[in-house]
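For reference, the chains in residue letters:
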Amino acid sequence: MTESLELPGARLAYDVAGEGSAIVLLHAWIADRRMWDPVVPALARRRRVVRYDARGFGETIATAAVPYSNRADLVALLDHLDIERAAVVGASGGGTIALDTALAFPDRVSAVVSVAGGISGFDGGSTPDEEPAFAESERLEEARDWDALVELEMRIWVDGLGRGPDRIPDVRRQVAEMDREVYRRHADDDLSGMTPLEPRATGRLRDVRTPALALVGELDTSGARATARRLAAEIPNVRLEVWPDVAHMPSMEHPERFVRLVEEFLDDVGA
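Bear in mind the structure is a predicted one, so any value in this text is a computation, not a measurement.

Novice: What is the right way to read empty space enclosed by the protein from this model?
Specialist: Take a probe with the size of a water molecule and roll it over the atoms, and the empty space left behind shows itself. Tallied over the full model, the rule gives one cavity of 30 Å³ or more. Of the voids in this model, the largest cavity is the one considered here, and its volume is about 30 Å³. Around the largest cavity, the lining residues are G9, R55, A62, A64, A65, V66, Y68, D190 and L191. Classifying every residue of the lining of the largest cavity by side-chain character gives six nonpolar, one polar and two charged.

Put into structure tokens, the structure is as follows:
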């Protein structure tokens, strides 16, 4: 059941399932919290699973343009739910929030799982084969051609560039629906007050005190793969998993395998 938390400038939509040690799921920027539907029931058998829509996504409503940070929003939700510490699982842009929160609020995060996640301040780069698609993505966003932009983002992030749309058609359809809603419902949300982590995480990875797991797919972009390698090289207590034949949304492509991996990792590190 969707609940909401009133924050300065936003009404944050979230839901909670299960009991036990807390785990927070942060969605990718081409989706909303529904991307976790395939894994929540299994995770909730042993854990208290919290997921929410970040500002600019899903059912969260922007009410005013105010200064805010995504990491502070996460901690505010933990406070609201009386959760002292939680394992934080972040996909793509959600992975950036997970890492920033672990640095800014180390006592609130028991473990980080970065699922094709970003690092604030770090650009993993792109290959000559990828650059035209990214340039076209910027053009379509400026033109507000949402349908064409969503289709291109499915090619980049869900199909994997160079693969066809029939590789994982059900996942593609689900992600496209969420991505389309992001642009149609939230394109005009004023999120200019977002305050980035300073200094950015890219120069502070050796300061991450929590155990970390970095998961990336071989069909993901070169930038996502480079980011995972950077996490694996610099975070002191980190495990790297690279899955073949998977692109940017591994938890949706292989939910049962994803749950097994996360549970095993969290059990190993006592989170």
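Back to the write-up after that little detour.
Novice: Is there a simple way to think about the pairing of strand β6 (residues 86-91) in this case?
Specialist: One face of the sheet, then the other: side chains in a regular strand alternate in exactly this way. Burial analysis of β6 places six of its six residues in the buried class, which makes it a mostly covered element. Side chains of β6 alternate between two faces, with A86, V88 and G90 and A87, V89 and A91 buried alike. As paired strands, strand β3 (residues 21-26) and β6 are joined by four bridges and run parallel to one another. Following the sheet pairing, L25 is matched in β6 by V89. Here β6 runs beside strand β7 (residues 109-115); their pairing, made up of six bridges, is parallel. What sits directly across from G90, in β7, is S114. As for the winding sense of the linkage, the β-α-β connection from β6 through helix α3 (residues 93-104) to β7 is right-handed.

Rules and cut-offs
Residues numbered from 1 in each chain as written. Predicted model: local features only at pLDDT ≥ 70, side-chain atom pairs only at ≥ 80, totals over all residues. Heavy atoms only, no water. 1 Å grid on protein atoms, 1.4 Å probe; cavity = no way out; pocket = protein on both sides within 12 Å on 5 of 7 lines; lining within 4 Å. Points joined across faces, edges and corners; volume = space filled by probe spheres on them. Nonpolar A, V, L, I, M, F, W, Y, C, P; charged D, E, K, R; others polar. Buried < 20%, exposed > 50% of the residue type's maximum accessible area, 1.4 Å probe, protein only. Helix = DSSP H or I, 4+ residues; strand = E, 2+ residues; numbered from the N terminus. Pairing = 2+ DSSP bridges. Right-handed = clockwise from strand over helix to strand, strands pointing away.

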